Amino acid sequence: MKSMKSPLLTVPTDQPSSHCCFCSMQCGLEIIPSEKTSGLVTKPSPNFPVATGRLCQKGLNALDHVFHAGRITEPLRQASSGAERWQATTWEDAYADIAGRIMSLQAEHGADTVGVYGGGSLTNEVCYLLGKFTRVALKSRYIDYNGRYCMSSAAAASNQAFGIDRGMTMPLTEIPNAKYIILAGTNIAECQPTMMPYLLEAKKKGAIIVTIDPRNTMTSKVSDIHVRLQPGFDSVLINGLLHVMVEEKLVDERFIRERTSGFEHLREAVKAYTPARVEELTGVLEAVVRTIARGFAKAETGIVLTARGLEQQSNGVENTLNYINLSLVTGKIGRTGCGYGAVTGQANGQGGREHGQKADQLPGYRLIEDPAARAHVANVWGIDPDELPGKGVSAYELLQKVDQGEIKALIVLGSNPLVSSPNNRMVERALQKLELLVVIDMFETETARYAHYLLPGSSFAEAEGTMTNLEGRVFHRRKAVELPGNCRLDYRIISELAEALGRGAYFQYASIEEVFNELAAATAGGKADYSGITYRRLQEEKGLFWPCPSPDHPGTPHLFADRFHHPDGRAKLFGIQPKMPAEPIDSDYPFILTTGRLANHYLSGVQTRRTEALNKKAPVPVAEVHPWLAKRIGLGMDNKIRITSRRGSLVVEVKVTEGIQPRTVFVPFHWGDEHSINVLTNDALDPTSRMPEFKICAVQVERA
Ligand SMILES: Nc1nc2c(c(=O)[nH]1)N[C@H]1C(S)=C(S)[C@@H](COP(=O)(O)OP(=O)(O)OC[C@H]3O[C@@H](n4cnc5c(=O)[nH]c(N)nc54)[C@H](O)[C@@H]3O)O[C@H]1N2
Ligand SMILES: Nc1nc2c(c(=O)[nH]1)N[C@H]1C(S)=C(S)[C@@H](COP(=O)(O)OP(=O)(O)OC[C@H]3O[C@@H](n4cnc5c(=O)[nH]c(N)nc54)[C@H](O)[C@@H]3O)O[C@H]1N2
Ligand code: SF4
Ligand SMILES: [Mo]
């Protein structure tokens, strides 16, 4: 691999040089000189109080893509003729042409003909600016982001149950204080590897760990009980657990009486879910249901963690609400060793969903349809509240509007939706219809192949800013290296595009810190209140947990000690009637496809497929198949399989393993083109969160 040199900027201080760009743990990195061609490597930082001194393989190789020879370092425009796809241009020409095209499209079709698609890897400042840019510079209602595919069901459930959405209600340091831990649809060992020591410490102190996952994972290996559940049956199982807790009077009656509402609905809903019935419906033995219910309820302390396994479903919000019910009916929240967490995924998956990148949202987790929120934010932005557009639509629906011709121009920053969207043939068709597609990225992604402009943005190592990790801890990330070539900082690109659109007056920032200070003011009084946070405090105090509403406020590591965030101070319990997945199996499509992740790749794979040390461990997707299924389709040693859903078909290599629920096939989604599993996945959306059902679709499986 050829690579570019970039001078190291940072000198040792008591702050990490940077933070890993991949998962929500946001481990601190030191960047040090080395013999590598790039001249630099990462090592774990002793200076960040989350995963101190630890990095996983991805963190250890996080600079490889930054210095990759394939990095885009000049603004590129689609070539009008010839063999080359791109021709280099100047920033000024690119801005002028993009702005000109946007303005003429808007003159003809209205402001909403332009959409923006953001991402959860970006800093709080960039997420905030994308939202402001869409509403103030484009005056369009259409912005959403890849977190819609990621955290939206958990976010909706937390808002409904608690009145606020912060992934974890407690810091990670509470995990070792828990005596009983339920991990559902979360593969922490591969997806947040440096969190494992917290779980292992709990185990060492005697905690029982239960995993609920259709397959054996690196995480289920550390559990005492592993429920190998068929995808889609979480709510049935949880109703069984709740049934036992209610029948055997194991619930915390005082907590339910004083701190919650809605228990009568829950009691009614779980009545019919006797352990015997749950065994009939799920195959999970009656005794196992009783053991987990009694174990969790009777334990002095306990934590429930969920992730995409049960959330990325058309019933994802209800599934999540039911897991939250477990924490609430047992009173295991708001005190030491207790809590609920929806384990956030992307680097800034938490902050990315707070500051206005969502279709219905303004900064600070305010709602764009709320007149008071509009007035507050419009005042900070110096515009009339009536100028703010209304709410738009979710990520997948935004792409559908492109397909339908309603949205004719799209700006994508920090996502690769052609690989990461469900039913992605629709997305490919849609992208081809765009009259203007602008992609701001480090690489020519699968999505960028359809772009009219590909603009070279910044990598994590080059961009200063703040991030919010999975605990709700806001921290400051330094600039560690210089931008290569003609790349620009994402925040500058957004501001300069605004300038070209004639709205530069609203985007005058001398530094990224000025953007943060405006963000903090915009969040004042909102749910995710950052108004007491400054760069200086973040550096001195090594991060602060939101809400942090004033300069002397210490931040809020533990939520819900005294009250929940609904106006009556109570949490809401919900009675969940389990529903079928959108596409149940039948005789034509008799098996279930579920999708997810591997330890060595990240999301659509743009960065990790370009990282040799990681890619060589998993160069292509491999399906996990049970021996029962292998036998049924007559699979031989070297055979591949063809998996076919109602939307498409794919041939993949196979690993036969006892460790998967027999009717279920698992395929990771980190590849595009002929390896893209999202050709098959279902685009059914949860009615509330608009989360696609990535985790379940009905398929045929045959020998290829
Ligand atoms: N190495 C690596 N780490 C990552 C990422 C990555 O791409 N690679 N991505 C990051 C991001 S953005 C995210 S969102 C997180 C995701 O982190 P996770 O949600 O932990 O990851 P997944 O592999 O998508 O799904 C977790 C598990 O859900 C199981 N599952 C499938 N269907 C069901 C079901 O119906 N019920 C239950 N209970 N379980 C089910 C799958 O078998 C899988 O093991 O990881 C983050 N960390
Ligand atoms: N089948 C299936 N599909 C899924 C999922 C699943 O479990 N199964 N999971 C879903 C989930 S949870 C998620 S989060 C989505 C994610 O899906 P995507 O949003 O497609 O994820 P990434 O691969 O992270 O894309 C990020 C892009 O932004 C670029 N980038 C990264 N950092 C920066 C930056 O600082 N500046 C700029 N300008 N560019 C940057 C990267 O190069 C990359 O091209 O996928 C979803 N899709
Ligand atoms: S655990 Fe997450 S943040 Fe830490 S090094 Fe690994 S991928 Fe990066
Ligand atoms: Mo995610």
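See the structure shown above.
The rules behind the values
- Residues numbered from 1 in each chain as written.
- Chains lettered and ligands numbered in written order.
- Predicted model: local features only at pLDDT ≥ 70, side-chain atom pairs only at ≥ 80, totals over all residues.
- Heavy atoms only, no water.
- Helix = DSSP H or I, 4+ residues; strand = E, 2+ residues; numbered from the N terminus.
- Rg over C-alpha atoms; globule rule 2.2 N^0.38 Å.
- Buried < 20%, exposed > 50% of the residue type's maximum accessible area, 1.4 Å probe, protein only.
- Areas by Shrake-Rupley, 256 points an atom, 1.4 Å probe, with all protein chains shown as cover.
- Lys, Arg positive; Asp, Glu negative; His and termini not counted.
- Charge placed at Lys NZ, Arg CZ, Asp CG, Glu CD.
- Contact = heavy atoms within 4.5 Å.
- Pairing = 2+ DSSP bridges.
- Near = heavy atom within 4 Å.
- Polar contact = N/O pair within 3.5 Å; in protein donor to acceptor, adjacent residues only side chain to side chain.
- Nonpolar A, V, L, I, M, F, W, Y, C, P; charged D, E, K, R; others polar.
- Salt bridge = Lys/Arg side-chain N within 4 Å of Asp/Glu carboxyl O.
- Axes fitted to C-alpha atoms, helices over the stretch in contact; angles between N-to-C directions.
- Parallel < 35°, antiparallel > 145°, perpendicular 65-115°, else oblique.
- Left-handed = near helix turned anticlockwise from the far one by under 90°.
- Core = buried A, V, L, I, M, F, W, Y, C linked by side-chain atoms within 4.5 Å.
- Phe/Tyr/Trp six-rings, centres within 6.5 Å; stacked < 30°, edge-to-face > 60°.
- Lys NZ or Arg CZ within 6 Å of the ring centre and 35° of its normal.

Help me understand the overall build of the protein chain, please; the structure alone is not making it clear to me.
Of the regular secondary structure elements, the protein chain holds 22 helices and 28 strands. Taking 2.2 N^0.38 as the reference for a compact globule, 704 residues should give roughly 27 Å; the C-alpha atoms of the protein chain span a radius of gyration of 24 Å, in line with that estimate. Dimensions of the protein chain along its principal axes, counting C-alpha atoms only, are 70 × 65 × 55 Å. Counting all 704 residues of the protein chain, 64% fall into the buried class. Carbon and sulfur atoms form 49% of the exposed surface of the protein chain, whose accessible area is close to 24,200 Å². Charge-centre separation for the protein chain: the mean point of 78 positive side chains lies 4 Å from the mean point of 78 negative side chains.

Could you clarify how one ought to interpret helix α18 (residues 490–500) in this entry?
Side chains that are three or four residues apart share a direction in an α-helix, a result of its 3.6 residues per turn. Of the positions making up α18, those classed as buried are D490, Y491, I493, I494, S495, L497 and A498. Considering only its buried residues, α18 is in contact with α2 (91–109), α3 (124–137), β16 (409–413), β17 (436–441), β18 (453–456) and α19 (512–523). Looking one or two residues past α18, G502 carries a phi angle of roughly 85 degrees, positive in sign.

Can you help me understand the sheet that holds strand β20 (residues 473–477) in this one?
The strands making up a sheet are joined through hydrogen bonds of the backbone, oriented either antiparallel or parallel. Taken in spatial order, the three strands make up an open sheet running β19-β20-β21, and their pairing is antiparallel. One side of each edge strand has no neighbouring strand; the edge strands of this open sheet are β19 (465–468) and β21 (544–545).

Even after reading the chapter, I still don't get the site of ligand 2, so can you show me in this structure?
Not every one of the 29 residues close to ligand 2 is listed here, only the nearest: N146, S415, D441, S604 and N678. Between N146 and ligand 2, the recorded distance is 2.6 Å, taken from a side-chain N or O atom to an oxygen atom. Contact distances for ligand 2 include 3.2 Å between a nitrogen atom and a backbone N or O atom of I440. For ligand 2, the accessible surface in isolation is 920 Å², of which the surrounding protein chains cover 98%. Counted by class, the shell around ligand 2 contains 10 nonpolar, 15 polar and four charged residues.

Mind showing me how you'd approach the site of ligand 1 here?
The full set close to ligand 1 counts 33 residues, and N187, D213, D234, R597 and H601 are the nearest of them. Between a nitrogen atom of ligand 1 and a main-chain N or O atom of G185, the distance comes to 3.4 Å. R308 places a main-chain nitrogen or oxygen 2.9 Å from an oxygen atom of ligand 1. For ligand 1, whose accessible area on its own is 910 Å², the fraction buried by protein is 100%. Secondary-structure elements contributing two or more residues to the shell around ligand 1 are α5 (188–191), α12 (308–311) and β23 (591–596). Tallied by class, residues from the shell around ligand 1 come to 11 nonpolar, 14 polar and eight charged.

I tried to follow the pattern of salt bridges on my own but got confused; where do I start?
Where charged atoms from two side chains of opposite charge come close, those side chains can pair. Here the structure, examined in full by the defined rule, presents 34 salt bridges. Between R609 and E446 there is a salt bridge whose closest N-O contact spans 3.1 Å. With a gap of 163 residues between them, R609 in the loop between β23 and α21 (612–615) and E446 in the loop between β17 and β18 connect regions that are remote in the sequence. Its relative accessible area of 6% is what places E446 among the buried residues. A salt bridge links D586 to R646; the shortest N-O distance between them is 2.8 Å.

Could you clarify how one ought to interpret the packing of helix α10 (residues 275–282) against helix α11 (residues 286–298) in this entry?
How two helices pack is summed up by the angle between their axes together with the distance between the axes. Contact pair α10 / α11: the axes reach a minimum separation of 8 Å and the direction vectors enclose 120 degrees. Taken together, the axes of α10 and α11 lie oblique to each other. Of the two possible hands of crossing, α10 and α11 adopt the one that is right-handed. For the pair α10 and α11, contact is made by P275, A276, V278 and E279 and by E286, V289 and R290, respectively. Here the residues of the contact of α10 with α11 are counted per class, giving four nonpolar, no polar and three charged.

Where do I start with the nonpolar core in this structure?
Here is a general trend for soluble globular proteins: nonpolar side chains tend to be buried in one another's company. In this structure, F133, F162, M245 and L326 are the most contacted members of the largest nonpolar core, which totals 119 residues. Discounting chain neighbours no more than four positions away, the residues touching F133 are V116, L138, I411, I494, L497, A498, L501 and F507. Formed by 47 residues, the second largest nonpolar core is a distinct cluster that contains C23, F48, M195 and V343.

What am I meant to see in the sheet that holds strand β2 (residues 28–33) here?
With antiparallel pairing, the three strands of this open sheet are ordered in space as β1-β2-β3. The open sheet terminates on both sides in strands that have one partner only, identified here as β1 (18–19) and β3 (40–44). As paired elements, β1 and β2 share two bridges and run antiparallel to each other. For H19, the partnering residue across the bridge sits in β2 and is G28.

It is not clear to me how unusual backbone geometry should be interpreted in this structure. Could you clarify?
In this structure, the amide linkage connecting W546 to the following residue, P547, adopts the cis form with an omega of -5 degrees. Counting through the fold element by element, P547 comes out in the loop between β21 and β22 (571–572). With a phi angle near 45 degrees, N423 is a residue other than glycine that sits in the positive phi range. Structurally, N423 is set in the loop between α16 (417–420) and α17 (424–433).

Looking at this model, I keep getting lost on helix α15 (residues 395–403). Mind explaining?
In terms of burial, α15 is largely enclosed, as eight of its nine residues are buried. Tucked into the core, α15 has its buried residues touching β6 (114–118), β7 (143–145), β16, α16 and α17. Note on α15: the residue one or two positions beyond its end, G405, has a positive phi of about 90 degrees.

Is there a simple way to think about the packing of aromatic side chains in this case?
To describe a pair of aromatic rings, one takes the distance between the centres and the angle between the planes. This structure, assessed with the given rule, holds 14 aromatic pairs. The interplanar angle of 40 degrees and the centroid separation of 5.6 Å between the aromatic rings of W91 and Y95 together place this pair among those described as tilted. Of the two residues, W91 and Y95 both sit in helix α2, four residues apart, roughly one turn of that helix. Between F591 and W628 the ring centres are 6.3 Å apart and the planes differ by 75 degrees, which places this aromatic pair in the edge-to-face class. You can see F591 sitting in strand β23 and its partner W628 sitting in helix α22 (residues 627–632), a full 37 residues away along the chain. Every member of this aromatic cluster is reached through a ring pair, and the members are F162, F255, Y340, F560 and F564. A cation over a ring is seen here: R215 above F666, with NZ or CZ 3.6 Å from the ring centre.

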